[in-house]
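If you want the building blocks of each chain, they are given just below.
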Amino acid sequence: MKNVLVTGGAGFIGSNFIQYILDQQKDILLLNLDLLTYAGNLENLRAVENNPRYHFVKGDIRNRTLVNQLFDEYHFDTVVHFAAESHVDRSITEPEIFLSTNVLGTQVLLDAAKVHWNLEPDNKYCREYRPGVRYLQVSTDEVYGALGKTGMFTEETSLSPNSPYSASKASADLLVRAYYKTYGLPINITRCSNNYGSYQFPEKLIPLMIHNAQNNIPLPVYGDGMQIRDWLHVKDHCAAIHTVLEKGVLGEIYNIGGNNEKANLEIVKLILSQLNQSEELITHVKDRPGHDRRYAIDNIKITTQLGWKPAYTFEQGIHETIQWYLDNTEWVSRITTGDYQNYYDQMYGTNK
Ligand code: NAD
Ligand code: TYD
């Protein structure tokens, strides 16, 4: 890994990954291609913006000309594809952009990798690639759909996505798989559970609840709040991706999860308690349509075959995360005073 293309590096996980990988690997040149949608924020990358090993290009992964130019110029050997529309609630009201970015954007990157890395790009039978190249698709456990009270998602679980977001991510995964099967493109797919940590956009459960609790705004819990997610600290996700880049068997899918199932209501109460706020702020609102009841990841493959395991306990991670949001209220308020307010009003009404 020498010349790395990271897409979506100004978002939550991408920006954590860039800081992590530049710190871990002193010999790489990293280019961050990000469109800076509402979710992209260059403030997340202050710590690396003057690092000569870090370059940024504002642009769209769907722009074939640009993507091919960047491959020509930078001779990437590694692609880590984070860029996506990532919020389930937005996908319910505006599915089209999810298909466009998450599916067609992925296809542009796969095509560029194939053309630039294949030793005979004009020969459709050629399955030989430059040594050491790898394309990593960052995906989600949501592609598997929802679980009942028991069971876990393994890499063999059939894909059964329920939201436009997860359907678009599953579609992209299938394309990546097809490029491996048809063209032999050296790929991996990682499917991670819900992440939490610093720089997460405050439309997602944990930062939204911290923000509301801090500001005495009601905490909107969907339905009964007993939906379960398997939470993983974002830095553990970054370390898992790094492990797959170094040791993953080409063509393989790896689930990433922390064995840390929590009901939403439990998390909301924990945040309120840590902020010394009353549970009276909890407001049960109408449930999300098609709301997945439970996710749980079986992480046996990545832990036993590649030796990765999470470093954070949830207690430590959530404590640090809440503290990060308390210490970075300006970062949050620069977001919440912009377009976010319109989104919030549309999503939850003016009853804040
Ligand atoms: P995010 O919404 O915080 O960031 C997405 C980034 O992609 C933003 O910087 C945005 O500007 C950029 N982007 C969007 N469209 C683009 C385009 N057309 N061209 C270039 N850049 C574009 O998302 P996140 O939470 O950091 O998630 C990153 C990836 O990880 C996504 O692929 C998501 O599906 C996956 N994932 C997320 C989670 C989670 O809990 N957040 C869990 C598992 C997997
Ligand atoms: P979210 O952070 O949107 O992640 P995902 O839907 O990808 O799992 O939501 C996490 C859980 O929290 C999910 O079950 C929906 C629930 N939720 C609420 O109850 N209220 C909210 O305001 C939000 C944003 C989420």
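Treat the numbers as computed from the prediction; the structure is a model and nothing was measured. (Residues numbered from 1 in each chain as written. Chains lettered and ligands numbered in written order. Predicted model: local features only at pLDDT ≥ 70, side-chain atom pairs only at ≥ 80, totals over all residues. Heavy atoms only, no water.)

### Quick look at the packing of aromatic side chains
Applied cut-off: Here a pair means two rings of Phe, Tyr or Trp (six-membered ring of Trp) with centres within 6.5 Å. Their orientation is stacked below 30 degrees between planes, edge-to-face above 60, and tilted elsewhere. Going along the chain from the N terminus, every DSSP run of H or I of four or more residues is numbered as a helix, and every run of E of two or more is numbered as a strand. Partly exposed describes any residue whose relative accessible area lies between the buried limit of under 20% and the exposed limit of over 50%, with all areas from a 1.4 Å probe on protein chains only and scaled to the type maximum. Comment: the charge-over-ring label is applied if NZ (Lys) or CZ (Arg) is within 6 Å of the ring centre and within 35 degrees of the ring normal.
Under the defined criterion, the tally for this structure stands at 20 aromatic pairs. Centre to centre, the rings of Phe17 and Phe82 are 5.3 Å apart; their planes meet at 50°, and the pair counts as tilted. On the criterion of sequence distance, the pair formed by Phe17 in helix H1 (residues 12-24) and Phe82 in the loop between strand S4 (78-81) and helix H3 (88-93) is long-range, its members being 65 residues apart. We note that Phe17, like Phe82, is buried. Between Tyr325 and Trp331, the ring centres sit 6.2 Å apart and the planes meet at 70°, which makes this aromatic pair edge-to-face. Pair check on accessibility: Tyr325 and Trp331 agree, each one buried. Among the aromatic residues, those joined into a ring-pair cluster are Tyr38, Phe201, Tyr222, Tyr340, Tyr343, Tyr344 and Tyr348. The residue whose ring lies beneath Arg90 is Tyr343, and the NZ or CZ to ring-centre distance is 4.1 Å.

### Side note on helix H5 (residues 164-183)
For clarity, the cut-off: Helix span, as expected, comes to 1.5 Å for every residue beyond the first. Contacts are residue-level and defined by heavy atoms, with any inter-residue pair within 4.5 Å sufficient.
Its 20 residues give H5 an end-to-end C-alpha distance of 28 Å, which sits within 8% of 28 Å, the value for a rise of 1.5 Å per residue. Buried within H5 are the following residues: Tyr165, Ser166, Ser168, Lys169, Ala170, Ala172, Asp173, Val176 and Tyr179. Of the surrounding secondary structure, the elements contacted by the buried residues of H5 are H3, helix H4 (95-117), strand S5 (134-140) and strand S6 (187-192).

### Thoughts on the side chain of Asn264
Looking at the element boundaries, Asn264 is found in helix H8 (residues 264-274). Using a relative accessible area of 11% as the deciding quantity, one classes Asn264 as buried. Each residue touching Asn264, except ones within four places of it in the same chain, is listed here: Leu205, Gly225, Gln227 and Arg229.

### Quick word on the site of ligand 1
Counted only if it meets this: Here, proximity means that at least one heavy atom of the residue falls within 4 Å of the molecule or strand. Polar contacts, as counted here, are pairs of nitrogen or oxygen atoms within 3.5 Å of one another; within protein the pair requires one atom able to donate a hydrogen and one able to accept it, and residues that are adjacent in sequence qualify only if both atoms are side-chain atoms. Only the protein chains shown count as cover for residues, and the accessible areas themselves come from Shrake-Rupley with a 1.4 Å probe.
Residues in contact with ligand 1 amount to 29 residues; listed here are only the nearest, Ile13, Asp34, Ser86, Tyr165 and Lys169. Note that an oxygen atom of ligand 1 is positioned 3.0 Å from one of the backbone N or O atoms of Phe12. Here a nitrogen atom of ligand 1 sits 3.0 Å away from a polar atom, N or O, in the main chain of Ile61. Here ligand 1 loses 97% of its free accessible area of 840 Å² to cover by the protein chains. Counting only elements with at least two residues in the shell around ligand 1, the list comes to H1, S5 and H5.

### Brief notes about empty space enclosed by the protein
Remark: the empty space left among the atoms is shown by a probe the size of a water molecule rolled over them. Quick note on the threshold: Points on a 1 Å grid, built from protein atoms alone, make a cavity when a 1.4 Å probe fits but cannot get out and make a pocket when they are open with protein on both sides within 12 Å along at least 5 of 7 lines; residues with an atom within 4 Å of a point are the lining residues. Grid points are joined across faces, edges and corners, and a volume is the space filled by probe spheres set on the points.
Tallying each qualifying case throughout the model produces one cavity of 30 Å³ or more. Put simply, the largest cavity is a space of about 60 Å³. In terms of lining residues, the largest cavity is bounded by Val88, Ile92, Glu142, Ser163, Arg229, Arg288, Pro289, Gly290, His291, Asp292 and Tyr295.

### With respect to the nonpolar core
Quick reminder of the rule: Buried Ala, Val, Leu, Ile, Met, Phe, Trp, Tyr and Cys residues form a nonpolar core when they are joined through side-chain atoms within 4.5 Å.
Ranked by internal contacts, the top residues of the largest apolar core, which has 64 residues, are Phe17, Leu30, Val80 and Ile271. For Leu30, the contacting residues outside a window of four places in its chain are Val4, Val6, Ile18, Ile21, Leu22, Arg53, Tyr54 and His55. Listed in part, the 35 residues of the second largest apolar core include Leu5, Phe153, Leu185 and Ile187.

### Observations regarding the site of ligand 2
Taken together, 17 residues sit near ligand 2, with Glu142, Arg229, Arg288, His291 and Tyr348 positioned nearest. Within the contact set of ligand 2, an oxygen atom lies 2.7 Å away from a side-chain nitrogen or oxygen of His291. Between Tyr348 and ligand 2, the recorded distance is 2.6 Å, taken from a side-chain N or O atom to an oxygen atom. Protein coverage of the free-state accessible area of ligand 2, which is 510 Å², stands at 97%.

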